[in-house]
Each structure stands twice: as structure tokens, then as C-alpha cells.
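# Analysis of the macromolecular model
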Amino acid sequence: MDHPPMPETRVLLLTGASRGIGHATVKLFGERGWRILTVSRQPFSDACPWPGGKEDHIQADLAELDGIEPLAEEVRRRLPGAKLHALVNNAGISPKGPKGSRLGIRVSDAETWTRVLNVNLVSTALLARALLPELEAAKGAIVNVTSIAGSRVHPFAGVAYAASKAGLAALTREFAHEFGPLGIRANAIAPGEIRTAILSPGTDELVEANVPLGRLGEPREVAETIFYLCTEASSYINGAEVHINGGQHV
């Protein structure tokens, strides 16, 4: 008697997995049967435990662009069947000044600009480029994590961070345009104020004044949207940026 073929194990590559949205995304995809490869500049964090986490974590600093190709080679080595079903670019840095102050144009030097843009934007383009054959083989999905700060001046996010997230929204459209004919969809999510381990002072007042739902978002709510954009339920969504901010953007 013939048995039906075993379902294919789907693989997610997630950058920036050690806390907050990344941690919630790892947990959600793991619960739903995906294998997860993670990348961050820190070693595997015991604060974000999950089955197979240590074995499937890759330590890399995305600010070092010369390391993107070796990173892609290591990912490729770990992929069963040379297929990558989802790439979620969640890694991002938002440096602050003294006492957590916002870094505006006058206090943002060339080193700040270079590091922020490399981590938040340029590495994203290079990683997708390097793993394009594996994404195409799986007809996979790319999800970029932008920010509400990419479309309006934000009281906490610095200028380099804001510019990098606006650029990432544009890069998402470019991915969708160029990779769509290959069967690869690319979308973005733009979180607002999400309850994570590090919240800037004044967030509660910002939420009360500017968020119609009147509360912080939960990392799990963001992870659910990421999962939706990586599955067949969103099969005709390409080049979109989904606001996850309780109405703050209106």
C-alpha cells in the first residue's frame, strides 16, 4: 500500500532573534512545525530558548558586509534540499545618545550612519541576493521589519534609524518587483509601539496620546502577521507594508 509523501519541513531564516519581536516569531513558527535558523551578533541567548536553538543559531555581525557571503554559505550548508521558505529581516539597531536621547542630524556622525545603514538596510539587500537561488527553489517569502519611524518623525528613533527604515520600505518594493516573477513574494511590516524588554521613557504617554487602541502592541501580534505573510494565506500580497500600531499611523 502506497503511503502519502511526508510533508516538507519548511525553513525560516530570521535575523535579530534574541528578544522582542524576533523571540516571539521564533516561538510561533516553531509551534507551527517550522525549522528555524537564526542570526544575530550575539551568541545563542538562553533568554530565548527553543528546541534546536543552539544548533541552528549562527553568530554574525550584519554591520560587516564582507561577512554576508560567508553567512549565506553557512545557511546554505544547513538547508535541507537547498530550499529556504522564508527570510525575515528583523535585525535592526537604533543607537541612542546620553541618557537614551534621540540622535538627530547634528549629532549623528559618519560611523553612526554607516553602522545603522549596514545593519538595517544594506545587509538585507545583500543577504536576499546571496540566498536568491534557495528562495526561488522554495517559492519563498521575504518579510522586512520596517517601523512607524520610517514614515514620520518619531520622538525616540534617531535620524539614521528612521532613514534606514524608510529605505527598507523602498527596498521591499524593489524585492517585490524584481523577485515576483521568480515566485518570491516580498512584504514589510511596520510596527509601532510594541511591548518589548526595552521601552523608551515616555512611551506610555505617547501611546495614550497617539494610539487609538490605547495600548501597546504585543510581540505575538507582530509575529502572527509575519507568519501570515510567509504562508499561502497571503499568496497574492506582494510589495505591501502592513502597519501594526493600533492606528497610530492615522
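Look a little higher up for the structure.
Residues numbered from 1 in each chain as written. Predicted model: local features only at pLDDT ≥ 70, side-chain atom pairs only at ≥ 80, totals over all residues. Heavy atoms only, no water.

What follows deals with the overall build of the protein chain. Each helix and strand in the protein chain was counted, giving 7 helices and 7 strands. Ordered by position in the sequence, the α and β elements of the protein chain form the string β-α-β-β-α-β-α-α-β-α-β-α-α-β. In summary, the protein chain has a C-alpha radius of gyration of 18 Å against a globular reference of 18 Å for 250 residues, a match within 12%. Seen through its principal axes, the protein chain has C-alpha atoms that stretch 65 × 40 × 40 Å. In the protein chain, the proportion of contacts linking residues at least 24 apart, taken out of those at least 6 apart, comes to 73%. Separation between the mean location of the 25 positive side-chain charges and that of the 27 negative ones in the protein chain comes to 3 Å. (Helix = DSSP H or I, 4+ residues; strand = E, 2+ residues; numbered from the N terminus. Rg over C-alpha atoms; globule rule 2.2 N^0.38 Å. Contact = heavy atoms within 4.5 Å. Lys, Arg positive; Asp, Glu negative; His and termini not counted. Charge placed at Lys NZ, Arg CZ, Asp CG, Glu CD.)

To continue, consider the sheet that holds strand β1 (residues 11-15). Pairing between the strands of a sheet comes from backbone hydrogen bonds, and it takes one of two forms, parallel or antiparallel. Spatial strand order, β3-β2-β1-β4-β5-β6-β7: 7 strands in an open sheet with parallel pairing. Edge positions in the open sheet fall to β3 (57-59) and β7 (241-244), since each of these has one partner strand only. Across the sheet, the mean angle from the axis of one strand to that of its neighbour is 15°, orientation sign disregarded. For strand β4 (residues 86-89) and strand β5 (residues 141-145), the ladder comprises 4 bridges, and the chain directions are parallel. (Pairing = 2+ DSSP bridges. Axes fitted to C-alpha atoms, helices over the stretch in contact; angles between N-to-C directions.)

This part takes up the layout of surface pockets. One number sums up the size of the largest pocket: a volume of about 1,200 Å³. As for the largest pocket, its lining consists of 41 residues, of which Arg19, Gly92, Ser94, Tyr161 and Thr196 are closest to the centre. Where the lining of the largest pocket is concerned, the elements lending two or more residues are α1 (20-31), β2 (35-40) and α5 (159-179). The greatest single-element share of the lining of the largest pocket, amounting to 3 residues, is contributed by α1. A per-class count over the lining of the largest pocket returns 19 nonpolar, 16 polar and 6 charged. In this structure, the second largest pocket occupies an estimated 160 Å³ of space. Along its surface, the second largest pocket is lined by Arg10, Trp34, His85, Ala138, Lys139, Gly140, Ala141, Arg185, Cys230, Thr231, Glu232 and Ser235. (1 Å grid on protein atoms, 1.4 Å probe; cavity = no way out; pocket = protein on both sides within 12 Å on 5 of 7 lines; lining within 4 Å. Points joined across faces, edges and corners; volume = space filled by probe spheres on them. Nonpolar A, V, L, I, M, F, W, Y, C, P; charged D, E, K, R; others polar.)

Attention now moves to the environment of Phe179. Mapped onto the fold, Phe179 is located in helix α5. Counting along the chain gives 154 residues from Phe179 to Thr25, while the straight-line C-alpha distance between them is 24 Å. Those residues within four positions of Phe179 in sequence are excluded, and the remaining contacts are Ala128, Leu132, Ile142 and Ile184.

Where burial is concerned, most of β5 is hidden: 5 out of the 5 residues are buried. Neither face of β5 is exposed, since Ala141, Val143 and Val145 on one face and Ile142 and Asn144 on the opposite face are all buried. (Buried < 20%, exposed > 50% of the residue type's maximum accessible area, 1.4 Å probe, protein only.)

Take the nonpolar core next. As a rule of thumb, nonpolar side chains are buried together in soluble globular proteins. Counting 30 residues, the largest nonpolar core has Leu13, Leu71, Val75, Leu84, Leu87 and Ile142 as its most contacted members. With residues near it in sequence (within four places) discarded, Val75 still touches Leu13, Leu37, Ile58 and Leu131. Grouped together as the second largest cluster of nonpolar side chains are 23 residues, Leu14, Ile189, Ile194 and Cys230 included. (Core = buried A, V, L, I, M, F, W, Y, C linked by side-chain atoms within 4.5 Å.)

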